[in-house]
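Single-letter residue listing:
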Amino acid sequence: MSRSRPPALVAAVSVVVVEVLALLGVLALYGVELLRGAAADAVGATATAALAAALATGLTLCARALLTGRRWARAPLLTWQLFQVVLTAPLVTGPLWPLAVVFVLLAVAAGVCLASRPVSVWVGDDEAAGPPVS
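Rules and cut-offs
- Throughout, a residue's number is its position along its own chain's written sequence, starting from 1.
- This being a predicted model, a pLDDT of at least 70 is required before a residue's local features are given, and a value of 80 or more before pairs of side-chain atoms are given or counted; all residues contribute to the totals for chains, interfaces and linings.
- Remark: hydrogens and water are excluded; side-chain values derive from all non-hydrogen atoms of the structure.
- Under the DSSP-based scheme used, a helix requires at least four consecutive residues in state H or I and a strand at least two consecutive residues in state E, with every element numbered from the N terminus.
- Every helix has an expected span of 1.5 Å times one less than the residues it contains.
- The rule is simple: take the accessible area with a 1.4 Å probe, protein chains only, and divide by the maximum for that residue type; under 20% is buried, over 50% is exposed, in between is partly exposed.
- This arc corresponds to the set of directions leading from the helix axis out to the C-beta atoms.
- His is not counted here, nor are the chain ends, while Lys and Arg score as positive and Asp and Glu score as negative.
- Salt bridge criterion: a side-chain nitrogen from Lys or Arg within 4 Å of a carboxyl oxygen from Asp or Glu.
- For this analysis, a polar contact is any N or O atom pair within 3.5 Å, provided that within protein one partner can donate a hydrogen and the other can accept it, and provided that sequence-adjacent residues contribute only side-chain to side-chain pairs.
- Contacts between residues were defined by any pair of non-hydrogen atoms, one from each residue, lying within 4.5 Å.

Undergrad: What is the right way to look at helix α3 (residues 74-88) in this model?
TA: In an α-helix, one turn spans 3.6 residues; hence positions three or four apart end up facing the same way. With 15 residues, α3 should cover 21 Å at 1.5 Å per step; its first-to-last C-alpha distance of 21 Å lies within 8% of that length. Regarding α3, the residues found buried are R74, L77, W80, Q81, Q84 and T88. Each buried residue of α3 sits inside an arc of 130° when the element is viewed along its axis, so together they form one side. Across from the buried face of α3, at angles greater than 90 degrees, the exposed residues are L82, V86 and L87.

What follows is the structure, given as structure tokens:
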């Protein structure tokens, strides 16, 4: 018998998909810049592109594992959301503030969903979920 995925899980994974797409966009921008020879710092651009690719791959693997109920996948996804808030929040005062606000709000929403009781139950972490509500 298959169980249906909780809405909090679907929401969290949907946010992660948006974040992965944004990272792939960063990868594409740096890739084009490197191929055109327009990068002011080729080593820095290469390192940033490699980091974006690694993060996108890791987040994709974790999101997929979370959908299948793997408990270990929740911790790196929650950690990424915390990092994203800390790293993106200062950008709210810059010229890209609307984009920064969107990603901070998405990260907070995903973090709340990942820490929710339905997701805890989904991954079989019943102790973290607390006692059942009658």
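Structure's up, so let's keep going.
Undergrad: I keep staring at the side chain of E19 and nothing clicks. Help me out?
TA: Tracing the backbone shows E19 in helix α1 (residues 7-36). Although E19 is buried, it forms no salt bridge, and the closest oppositely charged side chain is R74 at an N-O distance of 15 Å. In this structure the side chain of E19 is engaged in a polar contact, spanning 3.2 Å, whose partner is the side chain of W80. Each residue touching E19, except ones within four places of it in the same chain, is listed here: W80, Q81, Q84, F103 and A107.

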